[in-house]
Each structure stands twice: as C-alpha cells, then as structure tokens.
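Now for the letters of each chain:
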Number of protein chains: 2
Amino acid sequence: MYSPITIDALRTLDAIDRRRSFAAAAEELYRVPSAISYTISKLEEDLGVELFDRSRRKAELTAVGRLILEQGRQILVATEELTALAKQTDEGWETELRICIDSLINCEPVYDLIEQFQKLQPRTELRLTEEVLGGSWDALNSEQCDLVIGAEGDPPSQGFGIHLLGQVEFVFAVSASHPLTDMQQPISLQAIQDYPTVVVTDSSRYLPVRSTGLLDGRSRIAVSSIEHKIAAQIRGLGVGYLPKFRIKKELEEGKLKQLMLAETRSPRSISIAWRNTSKGKGVQWFVSQLRQMVFDQDSGLQRPK
Amino acid sequence: MYSPITIDALRTLDAIDRRRSFAAAAEELYRVPSAISYTISKLEEDLGVELFDRSRRKAELTAVGRLILEQGRQILVATEELTALAKQTDEGWETELRICIDSLINCEPVYDLIEQFQKLQPRTELRLTEEVLGGSWDALNSEQCDLVIGAEGDPPSQGFGIHLLGQVEFVFAVSASHPLTDMQQPISLQAIQDYPTVVVTDSSRYLPVRSTGLLDGRSRIAVSSIEHKIAAQIRGLGVGYLPKFRIKKELEEGKLKQLMLAETRSPRSISIAWRNTSKGKGVQWFVSQLRQMVFDQDSGLQRPK
DNA sequence: TTTAATTGATCAAAATATTTGAACTATGTA
DNA sequence: TACATAGTTCAAATATTTTGATCAATTAAA
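Nothing here was measured: the structure is a model prediction, and the numbers come from that model. (Residues numbered from 1 in each chain as written. Chains lettered and ligands numbered in written order. Predicted model: local features only at pLDDT ≥ 70, side-chain atom pairs only at ≥ 80, totals over all residues. Heavy atoms only, no water.)

### Here's the deal with the protein's contact with DNA strand C
Let me state the cut-off plainly: Any residue with a heavy atom positioned within 4 Å of a molecule or strand is treated as near that molecule or strand. Polar contacts, as counted here, are pairs of nitrogen or oxygen atoms within 3.5 Å of one another; within protein the pair requires one atom able to donate a hydrogen and one able to accept it, and residues that are adjacent in sequence qualify only if both atoms are side-chain atoms. Helix and strand definitions follow DSSP, with helices as H or I runs of at least four residues and strands as E runs of at least two, each counted in order from the N terminus. For this classification, the nonpolar set comprises Ala, Val, Leu, Ile, Met, Phe, Trp, Tyr, Cys and Pro, the charged set comprises Asp, Glu, Lys and Arg, and every other residue, Gly included, is treated as polar.
Taken together, 17 residues lie around DNA strand C, and A:S37, A:R54, B:V32, B:Y38 and B:K42 are the ones closest in. Between DNA strand C and A:F22, the relevant distance is 2.8 Å, taken from a phosphate oxygen to a main-chain nitrogen or oxygen of the residue. Here A:R54 contributes a side-chain N or O atom positioned 2.7 Å from a phosphate oxygen of DNA strand C. For the surface near DNA strand C, the secondary structure elements donating two or more residues are α2 (22-28) and α3 (33-47) of chain A together with α3 (33-47) of chain B. For the surface near DNA strand C, the leading source of residues is α3(B), giving five residues. A class-by-class count of the residues in the surface near DNA strand C yields six nonpolar, six polar and five charged.

### Considerations on the sheet that holds strand β11 (residues 256-259) of chain B
Residue and element names in this part refer to chain B. Put simply, the rule reads: Two strands are counted as paired when DSSP detects at least two bridges linking them. Throughout, an axis means a line fitted to C-alpha atoms (over the contacting stretch in the case of helices), and angles, computed between N-to-C directions, take values from 0 to 180 degrees. Should any heavy atoms of two residues lie within 4.5 Å, those residues are considered in contact.
Reading across the sheet, the three strands line up as β10-β7-β11 and stay open at both edges, with antiparallel pairing between neighbours. Both outer strands of the open sheet, β10 (240-243) and β11, are each paired with one neighbouring strand and no more. Looking at each pair of strands side by side, their axes are set apart by 55 degrees on average, direction ignored. By the bridge criterion, four bridges tie strand β7 (residues 170-175) to β10 in an arrangement that is antiparallel. By the bridge assignment for β10, F170 is matched with P243. This element, helix α8 (residues 226-234), spans β7, β10 and β11 of the sheet and lies at about 125 degrees to β10.

### Observations regarding the packing of helix α5 (residues 108-120) of chain B against helix α10 (residues 281-291) of chain B
Residue and element names in this part refer to chain B. Inclusion rule: Orientation is classified from the angle alone, with under 35 degrees giving roughly parallel, over 145 giving roughly antiparallel, 65 to 115 giving roughly perpendicular, and any other angle giving oblique. In this scheme the handedness of a crossing depends on how the near helix is turned from the far one: anticlockwise by less than a right angle means left-handed, clockwise means right-handed.
Interhelical geometry of α5 versus α10 gives an angle of 140 degrees and a closest axis separation of 11 Å. The angle between α5 and α10 places the two elements in the oblique class. Classified by chirality, the crossing of α10 by α5 is right-handed. Facing α5, whose interface residues are L113, I114, Q116, F117 and L120, α10 presents G282, W285, F286, Q289 and L290. Of the residues in the contact of α5 with α10, the class split is seven nonpolar, three polar and no charged.

Note that every value here comes from positions in space, so none of it alone points to a role or purpose.
As structure tokens, then:
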C-alpha cells in the first residue's frame, strides 16, 4: 500500500505550473519535453488519477491535479528544509539551541547577539528562558538549556564550561519614604528585622535550593524576577539587596535610597556557562561572542568600548 | 540547488530503523540487502552527510541520520495522506465540506449524521457553522458553506437544490410570572407593545436582511441564537414567538406560558438546501440521509419511527 | 484562409539507474 | 577457535528514464 508520489514528480508538476507549459518545464529541468510527459503520465497511471485535462492542446490542471500541486509544494519545501537542516547539523550547528538568561542580567546586549545569530544561522531555532539564581545552573545541569548567561557563583558540579563576566555589587536599598531612611547609619541587622524582605524565589527544581543570602525568620515577599523585586521595593512593600547597576537610575531619581548596613554584602561573581559536552557551533559562537563582553559594575553586561 | 532526498530513500531509512537492520529492511521491501546498502549510500553521497555510523558491525544512525529519519517520517505521512486525498477527491468526495445549521434546528440528529459520515469518510474535513434565519441562505449563496440544514422559507434566488423538512409552528410565549399572563386572551397587539421583544439577529451579511416578522417600533433585545432567545424569555427579559418544539419542556414545566394573540402567526416551512453546482459525494450523502428525516411539530428534526 | 510555430503524445533506441547474487570483511557469539 | 550475522563491494542483469524523431492538434501570424 505504497504511495506512488515521487519528489521528482512533484518537482516536475511544480515546474509545469510555474512555467505554464510542459516544454518550458522541460527546459527548466534540463530535460526534453517527452521526458516531462513521461513523468506525469507515470504519476497519473500509478495514482490512477488524471492530473491534467487534455481535451485542449494546452494542458490544464484538473481539480485533483491542483490539489496534488498545492499540497505537493509543501512537501517539496519540507524536503528542501530537511536537506538544509541536515547539512547544517552535519556541519555542527544545532537544530535547536536553548539559552537561559538569569533575571539579574540586562537583556538588551543579549538580544543584539540573538539578532546577529539569527541572521547568521536562521535555521537554528533559538529558545529563551529566564531563571533566577541557582535556577540557571539547574537548567543547565538537567539539560533544559544549553547555555546560561548570568549564572551566579560557582558551578554546583563538574562538567561545565564557564567564563567569568564580572562582579555584581549588591546594595541594600529601600524606597525613598521608608522609615529606615530616618535611622542612623550604619543600620543594625536588628532594625531591618522589623520590615518585610523582598526575595527572588529560586526557580531551581532539581538541585538543592540555595539561599538568597538574606536573613531568615522574617516576613518575606516572594517575587519571580529582579524586575519585580525592584518594583516591589520602590513601592515600599519591602526591603532588600539589589544589584547596583540595575537600580542606578532609581537611585539618581531618588525613588530608591541606598543604606549602609552594619554588615556589608560581598560582590557576587557572574558568568556564562555551558555543558562541556556541548560541541555545537551555536553554543561556541555565543560563548566566543560573550567572551568579548564584560559585566561592568555600573552598566551591567556590555561590549567594552 | 535541488534536494537529493527521495521518497524511496526515506521509506528505506524508515524500514531499516523499524526492523533494526539492513537485512530485515531488505526483506520487508522485497529487495536484496545490497540494494538497501546502495540506496543509503547514494543518499549519503548526494547529501554529503553520513547517515549511519559503520564503526561497528551493526549500523547505527548518526545524529543527522536520526534527524532525517524523524523529519522524513512526517514527509512520508504527508505523501501518503496526499495520495489518499487525491484518490478520494477523484472519486468525488470533497476535501472540505462546510455545513451550516440554522439555530432553529435541534442539533443532536445532525451530530449523529456527522459522526456516521466521519466513520465513512474520515478524510473529508467537516466544518460546522451556525446561522440564523436568512443567514443560512446567504452563507450558501456566497459559497461560505456547501449545505444548509434548517433554511427557513424559500430560496432568495435560483440555483439551489432544496428539500422540505416540514413546518415549524411558532407560539407566542412569555415567562410564567409575566404581567401579560394576567390579561384576558386573545391578547391585542396593542398590549404587547408595552413589553420589549426578544429578537434573533439575522446574521446575513450580503443578501437583503429579512425581518423576523415581529412588530416594529418597540424596544428590542437582540440575541444571536434561538437558545439565547429562549433563555431571555424565560428570564422575563422580553416576549416573542418561539418554535413550539424547542420549548415543549419549558411549557410543561411552566417556565414559559403560551399566550393566544389576536393575530396568529402562520407556521414557517424549513428545508435543507445546497447549491445545484455541488456535485460532491459528501453533499449528496448528507442530502440523501436528511431526505429520510422529517421535521416534526413536536420533536423537531428526527428520523421517523 | 493558409502558413508557420507551438504544444504535447508516442515510440523505439540509447543512456542511466537500480537490483541482484556471489564473494568478501568485520564483528560478535557459541 | 570456529561460526553465524551484518553490511559492503562489484560485475552482470534488469528496469527505468531520457532522448530524438515523428505526429496530431491548436494557436498565432501572414
């Protein structure tokens, strides 16, 4: 119960339709008209269906002919796509590449890279996800993604390629009208205890959850990204550490105020990371591009001038 | 810039994978193992890509091989589908058949028919739409559908096949607690004027809109189907004529009360209708099935016992 | 209207492509 | 170690496709 449809026959049908005649199609396909006749008659015979109406001299597609032509074109496109995809895969380009961006990172420079990549390699499908804190290491480890941009701290296990982007400095910030702003600095940890803390919920699902480094036993407001955390603290819903470069404007405009604490928090190192087993050119390309970037205390991730 | 992929090669690849060996695939395809070798080597050569890892005795698919296998299977399915579709189309079955059911009709018997049809002809795609009043004639005329079930009255122009199902009797009904129930019957048209009328909005878009036959110049509540009209009248939002068979239960349960009017409304004839140019077996099948049904004053559309 | 040009079909011969079967190599198994 | 199995290679056999010449039906041009 095989289908007698052949890629070659579909290609012939397509050429006949585009060029409006058997003769022109023959020319396009570097064949002789009788060869085209043969190909079509064969398909008609095998299929048991008339594809052209021969009552006139000028062969016209029948309804079924048109159906096969139109659906057949999709099959042609699919095989051509598949060929291209196979060649790219063979050359080492991934079919799919999943990038995970930690919510800490400013996305704009990454979007620029992605745009560049898509021009270079339009057939590699890119998937972006956002994770926070340990979540990105976890996504990498469990093969939910191939590349992490903005992984914080050290890898939780072996087998990762890693490139240090820089340090993120965290500052303890509160909204301008917050009662803590009236207190004498440095502020004791004791005093902070009275206000709820905004924490970014770690999206880790498989690796042991890592703490955000904030003090325990207080009321918390959990949010899912740095953006939300910044917004929550501006509204005065809570207090907490924020990456300095992400709140530069807010500090300048006075929406947030930086406070000195009795106990300061050391800067965290952030990196890009990938699995050592990732040999695809896509991952390599992104890594080599990102190696040329630095993470700057003031401006976040960017290409150095 | 042609793709060297061949349906035959994809089929061979598929057989090798399913049967776990070149030899078994050869058997399945009624060929000799060396022919299978040849087909695969040719594809590999034309594609310039290794599909099997021959480092061991047992040939194993490479990553690219697996890609071509998996995507190729979809192409195989598509060509087989296309073949089947072409044959059915050639035999006179539609690829797509659009049926329009007037909201007046009780749908259950139509759904039964549809289920039967899908078993008989699973490759004909059915599309159902619902129209009201003249909307169904309009949909037929403008080729938005191929068959109307429940068209009301006479065709607005030539060129339609038509089969009368029966008469629909309309009764003037109001909710049980409606003030009109306290009045002496028959009720004058004058008295009705005081209450809003629920009208089903004609969904016609191209043909001249036909009136619902209700009296003009009063406040109206427009709804989009009979179901909504019934619901609205039960709630006492308005009054109006309803098809008797659709509100049998509501009358028995006392949710709606039938009122006698000074001026009675004559029953409307309803039919199935199709374009005379429709020669497809699908339309013919539905017509012949529906010819065996009648539209009964009490139970609506049904197969006679 | 007649003529010339074009379109597609048909057919035998020629050119290609595929399949076969025997011989061979490598690998895993008894 | 010998044996069986899996896949490859190669020349010969077979099948398929392409070609080129010829024909009939249309259409365009003279």
